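One-letter residues, chain by chain:
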Amino acid sequence: MAAMEFLTQLIGCKKLNVSIEETLILEIEIFTRICEELKNFFKIQYTNYFLLMKFNLEMEDAMLEENMIRCVINDILTTEEYSLSGIAYYTQTSEDVILDLAIGRNTMPSLTLSRKIIDLHRSVKPHLYREIMKKISARYLHKETFETENYATFYK
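In this numbering scheme, every chain counts its residues from 1 along its sequence in written order. For a predicted model such as this one, the threshold for reporting local features is a pLDDT of at least 70, and the threshold for listing and counting side-chain atom pairs is 80 or more; totals across whole chains, interfaces and linings nevertheless cover every residue. The basis for the side-chain values is all heavy atoms of the structure; hydrogens and waters are excluded.

Before going further, it helps to examine the overall build of the protein. Helix and strand definitions follow DSSP, with helices as H or I runs of at least four residues and strands as E runs of at least two, each counted in order from the N terminus. The helix and strand inventory of the protein stands at eight helices and zero strands. Mapped from its N terminus to its C terminus, the protein presents α and β elements in the order α-α-α-α-α-α-α-α. When the 156 residues of the protein are sorted by exposure, 31% land in the buried category. Two residues form a contact once any of their heavy atoms are found within 4.5 Å. When contacts within the protein are restricted to residue pairs at least 6 apart in sequence, those whose partners lie at least 24 apart make up 62%. Each residue is assigned to one of three classes by its accessible area relative to the maximum for its type, calculated with a 1.4 Å probe on protein chains only: buried under 20%, partly exposed between the two thresholds, exposed over 50%.

Pasting the structure below:
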């Protein structure tokens, strides 16, 4: 499911009235926010590891940034809905590439491959992405309300 379809379902409308350019900007924004929330999700999962390794916040962020797709692949594998070969088939990539990502040998996949892997993760963990989208939209709605109130105060 495309990000826009997911968003329109979440906010309960049939179609957003935006241009192609606005759609692309919105999809990029949503993708970026989803990646940030995924990092937060994995940060919680790896709390004990970070404590054991005595990582500071910068080190935690760097590790998660570099290994996020690895974490996503391993999270897909823990659901047992897909194997490495299943992930490779879904993403139309060789199994060796997926294995390299899963073990951390390759930490810089293409954006296209990253997006396909995150789309697959979204299909095996829809509840997680619903919560992420609720969090993102709540944050935007709160920010919009806050900005509107500030502008109203500013113009009085």
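Let's shift gears to helix 5 (residues 84-91). Buried within helix 5 are the following residues: G86, I87, A88 and T91. Considering only its buried residues, helix 5 is in contact with helix 4 (57-79), helix 6 (95-103) and helix 7 (111-124).

Bringing helix 7 into the picture now. The span one expects for a helix is its residue count, reduced by one, times 1.5 Å. Counted at 1.5 Å a residue, the expected span for helix 7 with its 14 residues is 20 Å, and the 20 Å between its end C-alpha atoms agrees. Among the residues of helix 7, L113, S114, I117, I118, L120, H121, R122 and V124 are the ones counted as buried.

What follows covers the pattern of salt bridges. One speaks of a salt bridge when a side-chain nitrogen belonging to Lys or Arg is within 4 Å of a carboxyl oxygen belonging to Asp or Glu. Scanning all chains against the criterion turns up twelve salt bridges. Residues K134 and E131 are paired through a salt bridge, measuring 3.7 Å at the closest nitrogen-oxygen approach. Placement of the pair is K134 and E131 together in helix 8 (residues 126-155), with a separation of three residues, close to one helical turn. Given a relative accessible area of 43%, K134 falls into the partly exposed group.

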